[in-house]
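Residue strings, one per chain:
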Amino acid sequence: MFLTCKENLFFNHATLMADKKRAIADRRHFLQSSVLGAAGVGLAVSSSSSVAVAKTDEATIKPEVTNEVDVLVVGGGTAGTIAAIQAGRAGAKTLLVERNFQLGGATTTGGVAFPGLFDAWGKQVIAGIGWELVKESVELDGGKLPDFAKVPRSHWMNQVHVNQFVYAILAEEKCRDADVEIAYYEFPEAVVKTDAGWQVDCIGFGTRRRVKCKQIIDCTGGAEVVGMLGFERLREEERQPGSYLFQLGSSHDPASKQLHRLYVHGADSTNSRTATLANLTGRQSILAKVRKDKKRLMHLQPETGFRESYRIKGETLITVQDYTSGKLFDDAVSHAFYPVDLHTKTGVRPKPLKRGTVPSIPLGALVPKGSRNLIVAGRCVSSDRLANSGLRVQASCMGMGQAAAAAATLAVQGNTTPSEVPLAKIHGLLKKHGAIIPGKA
């Protein structure tokens, strides 16, 4: 069959239109089967390959918002995540404010996805909510947990490799299950004492949030809320280098091995400007290495991991002698275990603790001296520099976070301040939620 010229033009036009309709249909199908929103509270899953954010309203998009809560946790890193979950599970109405885009801090955003140490000398010494999160992350990822009954030749052998991506979203799920509200991309800009506790004004892009709370748990790493309130903080002129983690050449298999590490000397997390400088410096150096080594950049963490910043001056200050002797404080609320681990320009030579030594963390080291209705957790714990080099690691910070939240929640219930809550009540709440109490069988 032969077509006339006119018929041929008509046929080609019809074919073209049909192809265009198919292309539009294919594009519509692609969009419908892609991710339409970020996972979070109030999502409606429409299929195995798409997700839609719950419909917003005027209240959701207006810039001003007010929260009235029992406990405000500032900082959703290693300590803050655990603190928020503990406060929520214990019945406190809890808000968690995090300046970044995910929970987990050093474990996730920093990329140090091998937290430890949960064990010492053949037995587990730190458990509770932090261990629960680590253990479930490993199990969900099909990983393997170390045998704590065996004393390893080197401390790092019992650090637990986790999939940082699984850890982050599992942490969000546990917050949601504990009725903890999460506010990402926000940070306090003003804190004012009130008769009922605190008024905290937070700022984020497109959001101005006023929080009225009874207790604050500062888990910012550098005790930034404590600093805003004018309480004394400690810091040396020299700081340990930060680390920027990346992977060149081979692909990165999460939870299988450590990433490549670049020391960023002079890294300072004091403010947005110093943190920006650390990140730009680290990335430029990694780019230079890509060019020099002629290898593909297969993985890059979002930012530098910071080891050291401000510490509080607390009601108690943990000295390196306290730490290395394993002093059992009268108000101990958690264990710690790690070598004295001070990084310098020439690297690090960990100084292991003597056999049988297990340090403890007192409640007084979490309370800024002279403060009320305020407690901290994490690497800003009141300590001298050498003691802090061992205290700052993830398992110890998780234990501190849970202990701080227990004290803050009980303070809300008793209409008092964390340091005045009877220690037996703090121990009882911690034990109920799986924590190991120093000096208690």
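Residues numbered from 1 in each chain as written. Predicted model: local features only at pLDDT ≥ 70, side-chain atom pairs only at ≥ 80, totals over all residues. Heavy atoms only, no water.

On the surface, a nonpolar cluster with roughly 360 Å² of combined accessible area is contributed by Phe-101, Tyr-185 and Phe-205. One can find Phe-205 in the loop between strand E9 (197-204) and strand E10 (207-218). When its relative accessible area of 67% is taken as the criterion, Phe-205 is described as exposed. (Patch = residues over 30% accessible without salt bridge, like charges linked within 9 Å, V, L, I, M, F, W, Y side chains within 5 Å. Areas by Shrake-Rupley, 256 points an atom, 1.4 Å probe, with all protein chains shown as cover. Salt bridge = Lys/Arg side-chain N within 4 Å of Asp/Glu carboxyl O. Helix = DSSP H or I, 4+ residues; strand = E, 2+ residues; numbered from the N terminus. Buried < 20%, exposed > 50% of the residue type's maximum accessible area, 1.4 Å probe, protein only.)

This part is about the packing of aromatic side chains. Inspection of every chain in the model, using the stated rule, returns five aromatic pairs. Plain terms: the ring middles of Trp-131 and Phe-148 are 5.3 Å apart, the flat faces sit at 50° to each other, and that makes the pair tilted. Of this pair, Trp-131 sits in helix H4 (residues 128-140) while Phe-148 sits in the loop between H4 and helix H5 (164-177), placing them 17 residues apart in sequence. For the residue pair Trp-131 and Phe-148, the accessibility class agrees, reading buried in each case. Following the ring pairs from residue to residue traces out a cluster consisting of Phe-118, Trp-131 and Phe-148. Its end group placed over the ring of Tyr-310, Arg-235 keeps NZ or CZ at 4.6 Å from the ring centre. (Phe/Tyr/Trp six-rings, centres within 6.5 Å; stacked < 30°, edge-to-face > 60°. Lys NZ or Arg CZ within 6 Å of the ring centre and 35° of its normal.)

Here Thr-417 is to be found in the loop between helix H10 (394-414) and helix H11 (423-432). According to the relative accessible area criterion, Thr-417 is buried, its value standing at 2%. Separated by 202 residues in sequence, Thr-417 and Gln-215 place their C-alpha atoms 8.1 Å apart. Leaving out residues up to four positions away in the same chain, Thr-417 has contacts with Gln-215, Arg-372, Asn-373 and Ala-411. Engagement of the side chain of Thr-417 in a polar contact is seen with the backbone nitrogen of Asn-373, the distance being 2.7 Å. (Contact = heavy atoms within 4.5 Å. Polar contact = N/O pair within 3.5 Å; in protein donor to acceptor, adjacent residues only side chain to side chain.)

Where H10 contacts H11, the two axes come as close as 9 Å, and the packing angle between them is 120°. The orientation of H10 with respect to H11, classified from their angle, is oblique. H11 is crossed by H10, and the crossing has right-handed handedness. Taken together, the residues of H11 that come into contact with H10 (itself represented by Gln-402, Ala-403, Ala-406, Ala-407 and Leu-410) are Lys-425, Ile-426, Leu-429 and Leu-430. Split into classes, the residues belonging to the contact of H10 with H11 amount to seven nonpolar, one polar and one charged. (Axes fitted to C-alpha atoms, helices over the stretch in contact; angles between N-to-C directions. Parallel < 35°, antiparallel > 145°, perpendicular 65-115°, else oblique. Left-handed = near helix turned anticlockwise from the far one by under 90°. Nonpolar A, V, L, I, M, F, W, Y, C, P; charged D, E, K, R; others polar.)

Below, the discussion takes up the pairing of strand E12 (residues 242-248). Across the seven residues of E12, seven count as buried, placing the element largely inside the fold. In E12, alternate side chains face the same way, and those of Gly-242, Tyr-244, Phe-246 and Leu-248 on one face and Ser-243, Leu-245 and Gln-247 on the other are all buried. Here E12 pairs with strand E13 (residues 260-264) via five bridges, running antiparallel. The partner of Ser-243 across the bridge, within E13, is Tyr-263. Where E12 lies against strand E14 (residues 297-300), three bridges are found, and the strand directions are antiparallel. Within E14, the residue paired with Phe-246 across the bridge is Leu-300. (Pairing = 2+ DSSP bridges.)

This part covers H10. The periodicity of an α-helix, 3.6 residues per turn, causes residues three or four positions apart to be oriented the same way. Its 21 residues give H10 an end-to-end C-alpha distance of 30 Å, which sits within 8% of 30 Å, the value for a rise of 1.5 Å per residue. Of all 21 residues in H10, 19 are buried; the element is thus mostly enclosed. Asn-415 occupies a position one or two residues after H10 and carries a positive phi of about 55°. (Expected span 1.5 Å × (residues − 1).)

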